[in-house]
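Coordinates in review
Each chain is listed here by its residues.
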Amino acid sequence: MVYEEPETEMQRKLASVWSEVLHIEKVGKNDNFFQLGGHSLNGIMVASKIRTNIGLDISLKDIFKYKTLEELAALMERLELKDTYNISHVDNDSDIYPVTFEQLGIYLANSKTTNYNISFVSELTGTIDIKKLIESIDKIFERHDILKTSFIYNNGELVQKVNRGLKCLTQVINVNSEDDVNEIIRKFNTPFDLATAPLFKSLILILNETKVYLLFDIHHIIFDGYSIAYFMKECFLLYNNEKLPETKIQYNDYALWQRKFKQSEEYIKQEEYWLNVFSHPIEELKLPYDYSAEMKPEGDYISGELSRNQIFKLANETDTTGFMVCLTIYAVLLHKYTQQEMFVIGVPIIGRKNSDLEDQVGMFVKSIPCICSINPNNSFVDILKSIKKNVLEAFDNQDYAFGELQSKLGVDKKKQRGLFQTMMIMQNIEYPKIEFEDIKVNSYAIYNHGAKYPVELFIYDVDDTLKVELNYACNMFKRESIKTMFDDLVKIADIVTQDKEIKVEDIVIVDERLVETIKEEMDELQDEMNFDF
């Protein structure tokens, strides 16, 4: 396609947004967002920047519908300016603030385990100034109020308290070997008391003069996975003597905005959407548990890979995303195991609808319910289109308080596990690749495999590979059952990426070991019937 420069002012503004999000120098008016590398996550970031910088409320559904720069800019020119998602800093002498919807959900689900800890490591190779590194961490800790926050009850209401005088205490330990490093990392996660700040700890391991490990362990109630990239970027920019821009807002400003947003027309509209989605009762997912027991936090996982090329090839062919294809594959797997034709899968969304929140650390990620309707007479691609529609609508209505939705729907939390009993999490967080003249930095997360749900599917889009983990509650499933389930997931992926038009009822996932067992039993029965007269 021949490059054509953006012509109108709106096209130039939009081209600037695409260029920033997709890391592309030139964007033409006929360019297609998805052909340039766009997907649902950076589509959300585009909508966020349009909302904040241009003042127009663009939905993710709009970005999927109006794919070229010219088409989306034309839509934007027809829209009216809105300030629904503008968040301003509030001068407040108080240290007490309301909790956000996201924090309340985690607080209620939290147990005295490390299941809601977020831990990550930066491996530093080169000449490292330990004192300077500690000073950088201290400045980040001072910069973000949320890192100094604890959770208490005030007049019977759960609130967050900013402990402003709190200092960061980074421990430094000299270690003798990589084995020592791995052992410390393994034991680094420890439970937090949410009423006692900081819900944050940092540790420096010095292996030798040119090898240092920087460890962080932070509770999820003040920090989400996407905060890791922002945190590490700021930390190493400071280490490199670069000045950070002033923070426009703090996380507690977001909490105050959320309370105000709850009174808006947009919030009421989103409430109406969700009440309509759940207007007909949807059964709890009836997984084939090996043990009938109340779920405990001890978890384990089975891991492997899916073909990234095949998944994304199917996504391109069907005008969807890799996330949507994987979600549909998982939905078909759950249908095969439960025979249910309608159920809910929880999916996470980044939650930063205002671009001023992009450089903020905090808990913004939301877990939202996605309705999966599986008619076995329909083709896989038809199910995929249906799930795409539901995902886009759910993402565009993400700001509702789902705890309130559970109350309005009469969900008995003592008998049910909320709106959904499983989640699919696809992570493609880009950790900053920072290199100084004399230091190389490699950052990575320490994944916690404790059980938050009976079964969860994690997909990591890294290094051109889809690494997959099926996490499960050990007191509900046998390991061999989850291994079979994982193998069936891979089988379904192989089948549908070869034939997207296949009917769901024609997708056969009979375990080969079961077939062999039946064959052996039939042979034994035949031997018993061969009487010698």
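All figures in this text were calculated on a predicted structure; none of them were measured in a lab. Just so you know, the residues in each chain are numbered from 1, in the order the chain's sequence is written. Whole-chain, interface and lining totals are the exception, using all residues; otherwise, since this is a predicted model, local features are given only for residues with pLDDT of at least 70 and side-chain atom pairs are given and counted only at 80 or more. The basis for the side-chain values is all heavy atoms of the structure; hydrogens and waters are excluded.

The buried label goes to any residue with under 20% of its type's maximum accessible area, the exposed label to any with over 50%, and the partly exposed label to all in between, with areas taken from a 1.4 Å probe on protein chains only. Only runs of H or I of at least four residues qualify as helices and only runs of E of at least two qualify as strands under DSSP, and these elements are numbered from the N terminus. With six of its eight residues buried, strand E10 (residues 366-373) lies for the most part within the structure. Pairing between two strands is assigned when DSSP locates at least 2 bridges connecting them. Where strand E9 (residues 342-349) meets E10, eight bridges bridge the pair, whose relative direction is antiparallel. Considered in E10, the bridge of Met 342 is made with Ser 373.

A word on the sheet that holds strand E2 (residues 117-126). Overall, mixed pairing links the five strands, which are arranged E5-E6-E7-E2-E12 in an open sheet. In this open sheet, the two strands that pair with only one neighbour each are strand E5 (171-174) and strand E12 (439-446). Looking at each pair of strands side by side, their axes are set apart by 20° on average, direction ignored. Strand direction decides the pairing type here: strand E6 (residues 200-208) and strand E7 (residues 211-219), joined by eight bridges, are antiparallel. Each bridged residue has a counterpart across the sheet, and for Phe 200 the counterpart in E7 is Ile 218. Helix axes are fitted only over the stretch in contact, all axes being lines through C-alpha atoms; the angle between N-to-C directions runs from 0 to 180 degrees.

In the sections that follow, a salt bridge refers to a side-chain nitrogen of Lys or Arg positioned within 4 Å of a carboxyl oxygen of Asp or Glu. Within this structure, the stated rule accounts for 35 salt bridges. Here Glu 123 ties to Lys 211 by a salt bridge, and the two come within 3.5 Å at their closest N and O atoms. Highlighted residues: Glu 123 in strand E2 and Lys 211 in strand E7, separated in sequence by 88 residues. Where Asp 488 meets Lys 491, a salt bridge forms, and the shortest distance between an N and an O atom there is 3.6 Å. Of the two residues, Asp 488 and Lys 491 are both situated in helix H15 (residues 479-498); the distance of three residues between them amounts to about one turn of the helix. Taking the relative accessible area as the measure of exposure, Lys 491 reaches 21% and is therefore partly exposed. A network of salt bridges, in which partner residues are shared, links Glu 4, Glu 7, Lys 29 and Glu 70.

Stacked, edge-to-face and tilted labels apply to pairs of Phe, Tyr and Trp rings (six-membered ring for Trp) whose centres lie within 6.5 Å, assigned for plane angles under 30 degrees, over 60, and everything in between, in that order. Under the definition given, this model contains 30 aromatic pairs. Judged by centre distance (5.1 Å) and plane angle (25°), the rings of Phe 120 and Phe 216 are stacked. In this pair, Phe 120 sits in strand E2 while Phe 216 sits in strand E7, placing the two residues 96 residues apart along the sequence. One exposure class covers both Phe 120 and Phe 216, and it is buried. Centroid distance Trp 257 to Phe 261: 5.0 Å. Interplanar angle 20°. Geometry classified as stacked. Residue Trp 257 and its partner Phe 261 are located together in helix H9 (residues 251-261), separated by four residues, close to a single helical turn. Each member of the pair, Trp 257 together with Phe 261, is buried. Distance and angle both matter: a charge sits over a ring if NZ of Lys or CZ of Arg is within 6 Å of the ring centre and within 35 degrees of the ring normal. If you follow Lys 148 out to its NZ or CZ, it ends over the ring of Phe 141, 5.6 Å from the centre. In this structure, Arg 308 packs its charged tip against the face of Phe 312, placed 4.0 Å from the ring centre.

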